[in-house]
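Reading the structure
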Amino acid sequence: MQAFNQRIEQTLQTRINQGLDRQLRCVEGGNQLMICRDNQQWVNFASNNYLGLANDDKVVLAWQQGLRLFGAGSGASPLVTGHSTAHQMLEDKLCDWLGFERAILFNSGFSANQALLFSLLEKGDVVFQDKLNHASLIEAAMLSPATLKRFAHNDVEDLSRKLANVDASSLVVTEGVFSMDGDVAPLKDIAQIQGNALFAVDDAHGIGVLGEKGGGSCQAAGVKPNFLVVTFGKALGISGAAIMCDATAGDYLTQMARHFVYSTAMPPAQAYALTQAINQVQHDDWRRTKLDELSDYYEQSMCHLPGFRSTPTAIKPFIIGDSARALDCAKFLSQHGIWLSAIRAPTVARHQARLRITLTALHEQSHIDQLAEHVEQWLEVSA
Ligand SMILES: Cc1ncc(COP(=O)(O)O)c(C=O)c1O
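Not measured: the values here are computed from a predicted model.

Rules and cut-offs
Residues numbered from 1 in each chain as written. Predicted model: local features only at pLDDT ≥ 70, side-chain atom pairs only at ≥ 80, totals over all residues. Heavy atoms only, no water. Near = heavy atom within 4 Å. Polar contact = N/O pair within 3.5 Å; in protein donor to acceptor, adjacent residues only side chain to side chain. Areas by Shrake-Rupley, 256 points an atom, 1.4 Å probe, with all protein chains shown as cover. Helix = DSSP H or I, 4+ residues; strand = E, 2+ residues; numbered from the N terminus. UniProt positions renumbered as here; feature names shortened; annotations may be inferred. Contact = heavy atoms within 4.5 Å. Disulfide = S-S within 2.5 Å. Buried < 20%, exposed > 50% of the residue type's maximum accessible area, 1.4 Å probe, protein only. Phe/Tyr/Trp six-rings, centres within 6.5 Å; stacked < 30°, edge-to-face > 60°. Pairing = 2+ DSSP bridges. Axes fitted to C-alpha atoms, helices over the stretch in contact; angles between N-to-C directions.

What follows concerns the site of the ligand. Neighbouring the ligand are S108, G109, F110, N113, H134, E175, S179, D202, A204, H205 and K234. Between the ligand and H205 there is a distance of 2.6 Å, counted from an oxygen atom to a side-chain nitrogen or oxygen. The separation between an oxygen atom of the ligand and a polar side-chain atom of K234 is 3.0 Å. With the chains in place, 81% of the 390 Å² that the ligand exposes on its own is no longer accessible. Counting residues per element, the shell around the ligand draws most heavily on helix α5 (residues 109-120), at 3 residues.

A word on the UniProt feature "modified residue: N6-(pyridoxal phosphate)lysine" (unreviewed entry) in the protein chain. Per the UniProt record, the feature "modified residue: N6-(pyridoxal phosphate)lysine" (unreviewed entry) sits at K234. By secondary structure assignment, the location of K234 is in the loop between β8 (227-231) and β9 (241-245). Every residue in contact with K234, bar those within four places of it in the chain, is listed here: N48, N49, Y50, A204 and H205.

For the rest of this paragraph, the subject is the state of the cysteines. Taken as a whole and judged by the stated rule, the model has 0 disulfides. The closest cysteine sulfur to the non-disulfide-bonded C218 is located on C245, 14 Å from its own sulfur. C218 sits in the buried class, given a relative accessible area of 4%. Unpaired in this structure, C245 has its nearest cysteine sulfur neighbour in C95, at a distance of 8.2 Å.

What the rule picks out here adds up to 4 aromatic pairs. Note on W42 and W339: the rings are 5.0 Å apart at their centroids and 80 degrees apart in plane angle, and the pair reads as edge-to-face. Remark: W339 occurs in strand β11 (residues 338-339) and W42 occurs in strand β2 (residues 40-44); sequence separation between them is 297 residues. With respect to class, W42 is no different from W339; both count as buried.

A separate point is the sheet that holds strand β7 (residues 198-202). Read across the open sheet, the 7 strands follow the order β3-β9-β8-β7-β6-β4-β5; overall the sheet is mixed. Because the sheet does not close on itself, it has two edges, and the strands there are β3 (102-106) and β5 (147-151). Sheet twist, expressed as the average angle between the axes of neighbouring strands with direction ignored, equals 20 degrees. Pairing of strand β4 (residues 126-130) with strand β6 (residues 170-175), which is carried by 4 bridges, proceeds in the parallel orientation.

This brings us to the sheet that holds strand β13 (residues 353-358). Taking strand neighbours across the sheet as the criterion, the 3 strands line up as β10-β13-β12 in an open arrangement whose pairing is antiparallel. The open sheet has two edge strands with one neighbour each: β10 (315-321) and β12 (341-343). For this sheet, the mean inter-axis angle between neighbouring strands, taken without regard to orientation, is 30 degrees. Bridging between β10 and β13 involves 6 bridges; their strand directions are antiparallel. Paired with I315 across the two strands is T358, which belongs to β13. With respect to the sheet, helix α13 (residues 285-302) is in contact with β10 and β13, its orientation differing from that of β10 by roughly 25 degrees.

Quick look at the structure:
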């Protein structure tokens, strides 16, 4: 007991000393353009609500209708009584949209990623992951009985060399769009060298945003991986996730994916609202067009500033380097009506602290003007 207490206190103190401790902030409007707290307002440049669906009237209405039709909760895990017609409708919609035979639903992207790796990997297997993959993927591989080999970020040659040296059953895993860098994986090139390895893509930040009708990074690249993880908490505006795969793999995951088998199914009303959100993702092309225009405008407005990184997505990292300076910049912007997060180690490499700026279809160019003006001001006053 005492050892645990000491460990907890020491770890907390170390985080504080390094300037890396995190605080929960209670806000209203995290899913909207304007964030409110204590009668103050900020323009929200921090959410993953890329298409502006998280507070959309039709999506909210669908969830309300779902509540009336199906009640509040699912009542059980999917294999018991938790799988309703609303869940089946969502699965069918996902399969039709993304061109897979099966969709296995999860309550979060984190659990979908963990379930995928834990169910597939055995001792003697090798899992190859991009160095910058999400914590849920890296952690699952580290805790699995397989060997984890990380390849240099988006470096197909490095992956190819590493694959060539391995004889074992292999799985290659990458994100489609990297969550902290906003760049896209070379999916086509990876698919070409995968050989006998299975290929899995976590498209948390590409689904809905990239590709025709929002089909995501894989569709945009013309690639069909063996497993595609799509999450519902970002462009789709709600939460939850699915693993897309073929029928046999779907049957396998239905037996073996413990986060699916032993967890209460998502509320049916949520599945119902998600089906509506996908309809809008498919049909509201204007949301993607607006996001692309805002992205171009951001690049023109910010490209002269040191720290700017060009990306083909709505995720715009602004690299500051030092953690304390990144925090100082976020604080300065907050004092000038802009809400965003300073991302520091361990989420990104030490000395790579950054602002994670996200654009959404809810923004206007004037908001980007406001952001650019104040980032420039901070660079001047902090030089
Ligand atoms: C690349 C990536 N994968 C998975 C997840 C986890 O998804 P969820 O928020 O649905 O748990 C995230 C979330 O931040 C992510 O960025």
